[in-house]
Amino acid sequence: MIRVRGLNKWFGEHHVLHDVDLDVARGEVVVVIGPSGSGKSTLCRCLNRLEAADSGEILVDGVPVPAEGRELARLRADVGMVFQSFNLFQHKTVLENVMLAPMKVRGVSRAEAGRTAHELLARVGIAEQAGKQPARLSGGQQQRAAIARALAMRPKAMLFDEPTSALDPEMVGEVLDVMTGLAADGMTMVVVTHEMGFARRAADRVVFMDGGRIVETGEPNAFFDSPRTDRARDFLAKVLTH
Amino acid sequence: MSALFDHLPEFWQGLVVTLQMTMTSFAGAAVVGLVIVAMRVGPVPVLRRVATVYVETLQNLPLLVLLVLAVFGLPEIGLKAGLTTTAIVVIALYEGAYIAEALRSGVNAISAGQGEAARALGLTFGQSLRHVVLPQALRTVVQPIGNIFIALTMNTSLAAAVGVVELTAAANRVNLLEAQPIPIFVGAGLAYAAIAAGAGFVTGRLERRLAVAR
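Residues numbered from 1 in each chain as written. Chains lettered and ligands numbered in written order. Predicted model: local features only at pLDDT ≥ 70, side-chain atom pairs only at ≥ 80, totals over all residues. Heavy atoms only, no water.

### Looking at helix H4 (residues 63-73) of chain B
What sets the pattern is the α-helix's 3.6 residues per turn: residues three or four places apart point alike. Residue and element names in this part refer to chain B. Selection criterion: Between buried and exposed lies partly exposed: a residue is buried under 20% and exposed over 50% of the maximum accessible area for its type, with that area taken using a 1.4 Å probe on protein chains only. Counting from the N terminus, the helices are the DSSP runs of H or I reaching at least four residues and the strands are the DSSP runs of E reaching at least two. Picture the helix axis, draw a direction to every C-beta atom, and the arc is the one those directions span. Two residues qualify as a contact provided that any one of their heavy atoms is within 4.5 Å of a heavy atom in the partner residue.
Within H4, the full set of buried residues consists of Leu63, Leu66, Leu67, Ala70 and Val71. Along the long axis of H4, the arc covered by the buried residues comes to 120°, so they all point the same way. Residues of H4 that are exposed and angled more than 90 degrees away from the buried face: Leu69 and Phe72. In this structure, the buried side of H4 is in contact with helix H3 (45-59), helix H5 (83-109) and helix H8 (142-155).

Take a look at the structure:
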């Protein structure tokens with residue numbers, strides 16, 4: 001589904017991604033973990049070209065990610081993305097947030113977009129918030145609305161860039177529940193997160209990054225119980241103690 | 001005071017021309033501003049450059065110079081239009097640069113995540129600008145744009161210098177007959193003040209109506 005080969009990315013002098021290779025199969029849930037600054041968010045943002053990589057190739061569904069223009073927009077329409085800071089459109093209601101892209105990008109009628117939006121908002125458990133402006137919602141509700149907005153495009157894959165990092169602790173669960181449900185439904189997902197519990201529970205594979213490289217990758221139980229590299233062992237010792 | 005009231009028809013004529021110039025050139029400036037800001041924040045380097053040069057050029061030249069150049073220069077190269085029309089176009093192009101800058105500050109005030117989210121959903125750059133970024137940017141710059149409207153209203157009086165008989169020129173003509181500058185120009189000034197006050201009232205209302213919870 002997603003195939004990354006030899007990806008390199010610099011921010012000025014800083015080499016943030018170092019020859020990264022990654023494959024994500026259809027229906028697979030890959031959770032990317034690692035310390036801050038390890039390049040995991042950048043990797044995620046490169047997958048739909050919100051960041052342009054400096055070298056290497058990315059194929060989505062067998063097609064190289066286009067550099068720009070309408071083809072790039074078409075690819076992005078098929079790859080949903082959920083951001084750390086939600087990024088709901090502040091001037092539109094929650095319902096309009098979910099309806100906008102299907103109407104403008106897919107040419108879906110207003111009536112049908114509205115129906116789908118109501119269904120999706122119900123699915124993520126915030127049906128009664130449909131008419132409100134995003135700022136009136138709690139963080140957890142906003143993030144669930146953002147997931148509904150991405151799902152409204154019926155994406156082939158979903159990217160999650162630290163979806164719970166900006167949430168109060170008691171709201172993390174409701175968002176992770178929605179994501180776990182998606183994973184169970186067979187959605188192809190790349191999830192950048194610090195939620196080790198989610199990684200263990202929902203991931204098919206864990207990718208551990210450090211210093212812009214993929215250091216270790218493996219099935220979650222094996223990875224968490226017996227990491228092969230010192231760096232991963234060190235990282236897990238720090239995050240799993242509390 | 002009679003100097004003012006004896007010549008009400010002339011004043012009225014001048015005021016009508018001033019209002020016409022204000023409205024049409026503001027509408028033109030709004031269009032110019034939108035186009036320029038779209039080019040300036042867009043992804044095409046050459047359009048960004050063109051828009052930057054446009055803004056820098058028009059902001060750095062006095063409007064009066066532009067008016068004189070257009071009124072006397074354009075006929076030389078075979079472009080002939082009515083005085084008022086020429087003045088309206090020049091003012092629209094000039095104020096368009098200011099509107100573009102006000103809009104750009106509004107665009108910069110919107111978090112980058114808004115545009116990213118729009119593009120991540122598959123909206124093209126133009127669509128994300130039109131449906132997501134600009135509607136929010138506009139809300140943040142209602143007041144500066146109101147100020148530009150007021151400045152534009154005052155700037156239409158410069159057209160008097162190139163022969164357009166708008167409010168200031170009308171007042172000047174009446175003064176040549178009556179030689180009572182104080183009541184005549186105070187009267188004209190009050191008319192400008194009324195337009196500006198109206199604009200202030202409208203922008204205040206708009207700002208409250210369009211407020212977005214953040």
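Moving on from the model shown.
### Section: the interface of chain A and chain B
Threshold: Once two parts are joined, some of their accessible surface, as seen by a 1.4 Å probe, is lost; buried area is that loss totalled over both. Basic side-chain nitrogens of Lys or Arg form a salt bridge, by our definition, when they fall within 4 Å of a carboxyl oxygen of Asp or Glu. Polar contacts, as counted here, are pairs of nitrogen or oxygen atoms within 3.5 Å of one another; within protein the pair requires one atom able to donate a hydrogen and one able to accept it, and residues that are adjacent in sequence qualify only if both atoms are side-chain atoms.
At the junction of the two partners, chain A supplies 26 residues and chain B supplies 20 residues. Buried surface at the junction of chain A and chain B, both sides included, amounts to about 2000 Å², of which 63% is carbon and sulfur. Seen at the junction of chain A and chain B, the total is one salt bridge. With its nearest N and O atoms 2.7 Å apart, the salt bridge here joins Arg45 of chain A to Glu116 of chain B. On the surface where chain A and chain B come into contact, there are seven residue pairs in polar contact (both at pLDDT 80 or more). Mapped onto the side of chain A that touches chain B, the elements with two or more residues apiece are helix H2 (69-78), strand E6 (79-82), helix H3 (94-105) and helix H5 (139-151) of chain A.

### Section: the UniProt feature "transmembrane region" (unreviewed entry) in chain B
Defined as follows: UniProt positions are given in the numbering used here, feature names are shortened, and annotations may be inferred rather than shown by experiment.
Mapped onto the present numbering, the UniProt feature "transmembrane region" (unreviewed entry) falls on residues 12-39, 51-71, 77-94, 148-170 and 182-204 of chain B. Taken end to end, residues 182-204 of chain B is 100% helix and 0% strand, and its first and last C-alpha atoms sit 32 Å apart.

### With respect to the pairing of strand E2 (residues 14-24) of chain A
All names here are of chain A. Using the following cut-off: At least two bridges found by DSSP between two strands are what make those strands a pair.
Where strand E1 (residues 2-11) meets E2, seven bridges bridge the pair, whose relative direction is antiparallel. The partner of Lys9 across the bridge, within E2, is Leu17. Taking the residues between adjacent antiparallel strands as the criterion, E1 and E2 are bridged by two residues, where Gly12 takes a positive phi near 60°.

### Describing the pattern of salt bridges
Residues and elements named next belong to chain A. Enumeration over the complete set of coordinates arrives at 18 salt bridges over all chains. Lys156 is the partner of Asp78 in a salt bridge, and the nearest nitrogen-oxygen pair spans 3.7 Å. Linking Asp78 in helix H2 with Lys156 in the loop between H5 and strand E7 (157-161), this pair joins segments that are 78 residues apart in sequence. Close ionic contact of Arg123 with Asp185 constitutes a salt bridge, the shortest N to O distance being 3.2 Å. Here the residue Arg123 occupies a position in helix H4 (residues 110-123), and Asp185 occupies one in the loop between helix H6 (169-184) and strand E8 (188-192), the gap between them amounting to 62 residues. Three or more residues are tied together by salt bridges with common partners; here these are Arg26, Asp61, Asp78, Arg106 and Lys156.

### Overview of the environment of Gly6 of chain A
Considering the arrangement of structural elements, one finds Gly6 of chain A in strand E1. With sequence-adjacent residues up to four places away left out, Gly6 of chain A is seen in contact with Asp19, Val20, Asp21, Ser55 and Gly56 of chain A.

### Topic: the environment of Glu10 of chain B
All names here are of chain B. Within the secondary structure layout, Glu10 lies in helix H2 (residues 8-41). Distance in space between the C-alpha atoms of Glu10 and Gly73 is 30 Å, their sequence separation being 63 residues. In contact with Glu10, other than residues within four places in its own chain, are Ala170 and Val174.

### Let's talk about the nonpolar core
Note that soluble globular proteins tend to have their nonpolar side chains buried in a common cluster. Here is the rule we go by: Definition of nonpolar core: a set of buried residues of the types Ala, Val, Leu, Ile, Met, Phe, Trp, Tyr and Cys, connected through side-chain atoms within 4.5 Å.
Membership of the largest hydrophobic core comes to 79 residues, with the highest contact counts inside it found for Ile2, Leu7, Ile58 and Leu159 of chain A together with Met21 and Ile36 of chain B. Per-element tally for this core: the top contributor is H5 of chain B, with 11 residues. Setting aside chain neighbours within four positions, we find Met21 of chain B in contact with Phe26, Thr84, Ala87, Ile88, Ile91, Thr156, Ala159, Val164 and Glu166 of chain B. In terms of nonpolar packing, the next biggest core, distinct from the first, is built from 52 residues, Ile126, Phe160, Met179 and Met196 of chain A among them.

### Here's the deal with the UniProt feature "domain: ABC transporter" (unreviewed entry) in chain A
UniProt's feature table lists "domain: ABC transporter" (unreviewed entry) at residues 2-236 of chain A, given in the numbering used throughout. As annotated, residues 2-236 of chain A comprises 40% helix and 26% strand, and the C-alpha atoms at either end are separated by 27 Å.

### Points about the confidence of the model for chain A
Note that predicted coordinates carrying low pLDDT should not be read in detail. What counts here: Residue-level confidence of the predictor is what pLDDT reports, using numbers from 0 through 100.
Looking at chain A, the pLDDT average stands at 94 and 100% of residues meet or exceed 70. Ranking the helices and strands of chain A by mean pLDDT puts H3 of chain A first, with 97, and strand E5 (residues 63-64) of chain A last, with 90.

### Examining the sheet that holds E5 of chain A
All names here are of chain A. Taken in spatial order, the four strands make up an open sheet running E2-E1-E4-E5, and their pairing is antiparallel. Both outer strands of the open sheet, E2 and E5, are each paired with one neighbouring strand and no more. Direction of pairing for strand E4 (residues 55-60) relative to E5: antiparallel, over a ladder of two bridges. Residue pairing in the sheet places Val60 in a bridge with Val63 of E5.

### Some points on the UniProt feature "domain: ABC transmembrane type-1" (unreviewed entry) in chain B
The UniProt entry lists residues 15-203 of chain B under the feature "domain: ABC transmembrane type-1" (unreviewed entry), expressed in the numbering used here. Each end of residues 15-203 of chain B is marked by a C-alpha atom, and these two atoms are 22 Å apart; helix forms 81% of the span and strand 0%.

### Here's the deal with the side chain of Ser25 of chain B
Residues and elements named next belong to chain B. By the element assignment, Ser25 lies in helix H2. Residue classification places Ser25 among the buried positions, given a relative accessible area of 0%. Polar contacts involving the side chain of Ser25 include one to the main-chain carbonyl oxygen of Met21, which spans 2.4 Å. With residues near it in sequence (within four places) discarded, Ser25 still touches Ile88, Ile91, Ala92 and Leu152.

### Observations regarding the confidence of the model for chain B
Residue and element names in this part refer to chain B. Residues of chain B with pLDDT of at least 70 account for 99%, and the chain-wide mean is 93. Element-level pLDDT for chain B is lowest in helix H1 (residues 2-5), with a mean of 80, against a maximum mean of 97 in H3. Here the predicted complex scores 0.87 on pTM and 0.92 on ipTM.

### Quick look at H6 of chain A
Residues and elements named next belong to chain A. Which entries qualify depends on this criterion: Here, expected helix span is obtained from the residue count minus one, scaled by 1.5 Å.
Between its first and last C-alpha, H6 extends 23 Å over 16 residues, near the 22 Å set by a 1.5 Å rise per residue. Looking at H6, one finds that the buried residues are Met171, Val172, Val175, Leu176, Val178, Met179, Leu182 and Ala183. Seen end-on, H6 carries its buried residues on one side only, within an arc spanning 155°. In H6, the exposed positions that point more than 90 degrees away from the buried face belong to Glu170, Asp177 and Ala184. Here the buried face of H6 lies against strand E3 (29-33), H4, H5, E7, E8 and helix H7 (196-202).

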